[in-house]
Amino acid sequence: MADQALQPFPNPVEQNISEKAVCTHVSKSVYAVLYQLAWGEKIDCTNAGFTLSFKRIAVAIAAWQASDEVNQFSSKRDKALAAEVKLEGPNVAFPLKGLTAQENLGHELFYGRAGCAVCHSNDPVIAVDDPNKAGLDPDELYTDAVFHNIGVPRNAKIPGPEGSAGLGARPLVILDPDDDPTRRLGQHKTPTLRNVDKRPSTSFVKAYTHNGWFKSLESLVHFYNTADVGGATAAAFGITRCDTTKTDWTEAEALAAKCWPEPEEQGTLAIGFVMGDLGLTLAEEAAVVAYLKTLTDTKTVKPPLLLQ
Ligand code: HEC
């Protein structure tokens, strides 16, 4: 994480601030005091000192990112699970008393018929006998940390060259000489679902997936349920493939036209395999969304007050 923290400041396409300027900025703020407490000496932004100081700043950022303040696990789901563990000990299982019937159903679908936990779990489950005995890890991160192509449509609102090649854009050390790198086009690392519904106000519209094409959890779950336009679920909802001659479909237009645009990238698709034809009713889709909303931490980290 410290290595990662070194990158964004000087990167010209990110913050574009020189290492020395970052050091000087810190040296003029309340952090100068904290720096001295942490490292036992004053921050040094001279030509001889700024490189070391900059690295120490990154180490400090990483230490905070790994702290309980950031990784609170204080969501409704975490609290309900901890309370149930107290009551039931090793026999703990869903449904949890601290969740509503709808949220508990959402959990059951997430680890069961909706197949979300195939990818969104530390401990991916392909087939679970009893989804109510899954998802009990207090440290559940809701990601397998693996790359998949879920078939997100192109977002024409993003300027620049078309395409979001994902893993397909990365020169990998190819261990298998028969490996075809085009398989990886459009593969993105499964994101955590913790705090996926966290937003500054209820009216704030979030943009989901790597290119922000999806604007709500409701529509994204509807996509997971029906994205396989040749499948029975899509047919039951009257959903078809959007007109492929139009290449700038927005989510709102697609929802109104009851169609899904083509996936932007054609690397190995999860659609038609573990997603896209889930057979969920609208009430079940809503239950999955309700479960996702239990993953929001209940406290928000406050930025420290700066002296200047
Ligand atoms: C095949 C693996 C896979 C399955 C199955 C899967 N997901 Fe995902 N999910 C992903 C990947 C990969 C992304 C990121 C895709 C991208 O950005 O192009 C993602 C993105 C998301 C996001 C957006 C997160 C964000 O911060 O933008 C949500 C919400 C989500 N998934 C929920 C679900 C739910 C709910 C289910 C079950 C109905 C599910 N996923 C099933 C792999 C999967």
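Residues numbered from 1 in each chain as written. Predicted model: local features only at pLDDT ≥ 70, side-chain atom pairs only at ≥ 80, totals over all residues. Heavy atoms only, no water.

S.K.: How should I be thinking about unusual backbone geometry in this particular structure?
M.R.: Excluding glycine, residues mostly have negative phi values, and the peptide bonds linking residues are mostly trans. Omega for the bond connecting Phe94 with Pro95 falls within 30 degrees of zero, at -5°, which places this linkage in the cis form. Structurally, the position occupied by Pro95 is in the loop between helix H5 (76–88) and helix H6 (101–110). Phi at Asn16 takes a positive value of approximately 55°, unusual for a residue other than glycine. One can find Asn16 in the loop between helix H1 (2–6) and helix H2 (19–27). Classification of Asn16 by relative accessible area gives exposed; the value is 51%. The backbone phi angle of Phe73 is positive, close to 50°, even though this residue is not glycine. As for its placement among the helices and strands, Phe73 is situated in the loop between helix H4 (50–65) and H5. For Phe73, a relative accessible area of 24% corresponds to the partly exposed category. (Helix = DSSP H or I, 4+ residues; strand = E, 2+ residues; numbered from the N terminus. Buried < 20%, exposed > 50% of the residue type's maximum accessible area, 1.4 Å probe, protein only.)

S.K.: Please clarify how the pattern of salt bridges should be interpreted in this entry.
M.R.: Summed over the entire model, instances satisfying the criterion amount to 12 salt bridges. Lys133 is paired through a salt bridge with Asp130; the nearest N and O atoms lie 3.6 Å apart. Where Asp248 meets Lys246, a salt bridge forms, and the shortest distance between an N and an O atom there is 2.9 Å. For Lys246, a relative accessible area of 28% puts it in the partly exposed group. Members of the salt-bridge network, linked through shared partners, are Arg77, Asp78 and Arg194. (Salt bridge = Lys/Arg side-chain N within 4 Å of Asp/Glu carboxyl O.)

S.K.: Would you mind going over the domain arrangement of the chain with me for this structure?
M.R.: The assigned domain composition of the chain is domain 1 (2–65) and domain 2 (78–155 + 192–298). The gap between the C-alpha centroids of domain 1 and domain 2 is 39 Å. (Domains from an automatic or database assignment.)

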